[in-house]
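A look at the structure
Listed below are the residues making up each chain.
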Amino acid sequence: MSGAHLNPAVSLSFCVLGQVQWGRLVPYCLSQLLGAYVASALVYLVYYDAIMDFSGGDLTVYGPNETASIFATYPSEYMTLGRSFLDQVVGTGMLMLCILCLGEKRNTPAPAELIPPIVAVIVLGISMSMSGNCGAAINPARDLGPRLFTLTAGWGTEVFTCYDYWFWVPLVAPPIGGVMGTFMYLIFIEWHLPDPDQPDNDSALSISETIKQPGPTWEKDVELKSSHF
């Protein structure tokens, strides 16, 4: 019904492109956030015994038995805020560059039935290749929803204050990266694609030259074509 908008950064990018009405942005984002929160609660219920056994009942963000990173994303200890911000911008920009190509009708689009699994593979690839630094959130709802759940489920305010208040990075960086990736797609790809309603120069030139050529060949073509009727 909505095109499977699961990421506020993607929804914002499509609003910038004019493919989604701006009035839908806030409802989409709130729905995405609520979905992430409820999904985290479901994971917590399913794996409650395992979480409690591993953590010894002490729900923490730091230490060898921390369990907060099961839900939200957290940076590696060697990462700075600046590098983490860049990581999220690049990851979300790559996501938009890949997504926008899939439905481009002027550039051999993917079959509509294959777009969902292709997007899933794209997200999986980015997550696998870029999760080493800070979890590859590339989605504000995917990070904030679980973080809010851990806040209310017993991990406390430390989920927001840890790592120099790092929580704002996956909230701010992905929308910026998504919009930047969108503009890169427009500038370097979409604006250079030919208009499907206009023939290219080579075919137009060959047609005009054929029409202008007089002589026996043209007359023979006319005779051959007329003989078919």
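The structure displayed is predicted, hence computed values, not measured ones. Along each chain, residue indices are assigned from 1 in the same order as the chain's sequence is written. Two thresholds apply to this predicted model, a pLDDT of at least 70 for residue-level local features and 80 or more for giving and counting side-chain atom pairs, whereas whole-chain, interface and lining totals are computed over all residues. With hydrogens and water stripped out, all remaining heavy atoms of the structure feed into the side-chain values.

By definition, any uninterrupted DSSP run of H or I lasting at least four residues is a helix, any uninterrupted run of E lasting at least two residues is a strand, and each is numbered from the N terminus. A tally of helices and strands in the protein chain yields ten helices and zero strands. Along the chain direction, N to C, the helices and strands of the protein chain fall in the order α-α-α-α-α-α-α-α-α-α. Each residue's exposure class comes from its accessible area (1.4 Å probe, protein chains only) as a fraction of the maximum for that residue type: buried when under 20%, exposed when over 50%, partly exposed otherwise. Counting over 229 residues, the protein chain shows a buried share of 35%. Every residue pair with non-hydrogen atoms within 4.5 Å of one another is taken to be in contact. Taking contacts inside the protein chain between residues at least 6 apart in sequence as the whole, the part at least 24 apart equals 73%. A total of about 13,900 Å² of accessible surface is found on the protein chain, and carbon and sulfur atoms cover 65% of it. Note that accessible areas follow from Shrake-Rupley with a 1.4 Å probe, and for residues the cover is restricted to the protein chains shown.

On to the packing of aromatic side chains. Pairing of aromatic side chains here covers Phe, Tyr and the six-membered ring of Trp, requires ring centres within 6.5 Å, and sorts the geometry by plane angle: under 30 degrees stacked, over 60 edge-to-face, intermediate tilted. Under the definition given, this model contains eleven aromatic pairs. For the pair Tyr37 and Phe149, a centre-to-centre distance of 5.7 Å together with 80 degrees between the ring planes defines the contact as edge-to-face. Here Tyr37 is found in helix 2 (residues 25-46), whereas its partner Phe149 is found in helix 6 (residues 140-155), with 112 residues between them in sequence. Exposure remark for Tyr37: the relative accessible area of 29% places this residue in the partly exposed category. Judged by relative accessible area, Phe149 falls into the buried class, the value being 6%. Plain terms: the ring middles of Tyr44 and Trp155 are 5.9 Å apart, the flat faces sit at 70 degrees to each other, and that makes the pair edge-to-face. On the criterion of sequence distance, the pair formed by Tyr44 in helix 2 and Trp155 in helix 6 is long-range, its members being 111 residues apart. Pair check on accessibility: Tyr44 and Trp155 agree, each one buried.

On to the side chain of Ser55. Its location among the elements puts Ser55 in helix 3 (residues 48-55). Under this definition, polar contacts are N or O atom pairs within 3.5 Å; protein pairs additionally need one hydrogen-donor-capable and one acceptor-capable atom, and for neighbouring residues in sequence, both atoms have to be side-chain atoms. Of the polar contacts made by the side chain of Ser55, one reaches the backbone oxygen of Ile51; its length is 2.8 Å. Those residues in contact with Ser55, other than ones at most four positions away along the chain, are Asn65 and Thr67.

Turning to the side chain of Thr182, a few remarks are in order. Of note, Thr182 is situated in helix 8 (residues 169-188). Those residues in contact with Thr182, other than ones at most four positions away along the chain, are Ser13, Leu17, Met96 and Leu100.

As annotated by UniProt and renumbered to match this structure, "transmembrane region" (unreviewed entry) occupies residues 25-47 and 165-188. From the first C-alpha to the last, residues 25-47 spans 33 Å; its make-up is 96% helix and 0% strand. Helix makes up 88% of residues 165-188 and strand 0%, whereas the separation of the span's terminal C-alpha atoms amounts to 36 Å. UniProt positions are given in the numbering used here, feature names are shortened, and annotations may be inferred rather than shown by experiment.

The subject of this paragraph is the packing of helix 6 against helix 7 (residues 158-165). Note on geometry: axes are C-alpha line fits, over the in-contact stretch for helices, and angles between N-to-C directions span 0 to 180 degrees. Running from amino to carboxyl end, helix 6 crosses helix 7 at an angle of 115 degrees, the nearest separation of the two axes being 9 Å. Across from Leu144, Arg147, Leu148, Thr150, Leu151 and Trp155 in helix 6, the residues of helix 7 making contact are Glu158, Val159 and Phe160. Amino acids are sorted into nonpolar (Ala, Val, Leu, Ile, Met, Phe, Trp, Tyr, Cys and Pro), charged (Asp, Glu, Lys and Arg) and polar (every other residue, Gly among them). Residues belonging to the contact of helix 6 with helix 7 are distributed by class as follows: six nonpolar, one polar and two charged.

Take the pattern of salt bridges next. It is possible for side chains bearing opposite charge to pair when their charged atoms get close. A side-chain nitrogen of Lys or Arg and a carboxyl oxygen of Asp or Glu constitute a salt bridge if their distance falls within 4 Å. Here the structure, examined in full by the defined rule, presents two salt bridges. In this structure, Arg106 engages Glu104 in a salt bridge whose closest nitrogen and oxygen atoms are separated by 3.1 Å. Relative accessible area serves as the criterion here: at 29%, Arg106 is assigned to the partly exposed category. Overall, Glu104 belongs to the buried group, its relative accessible area being 11%. Two residues, Asp143 and Arg147, come together in a salt bridge whose shortest N-O distance is 2.8 Å. Of this pair, Asp143 and Arg147 are both found in helix 6, four residues apart, which corresponds to roughly one turn of the helix. Residue Asp143 is classed as buried on the basis of its relative accessible area, which comes to 0%.

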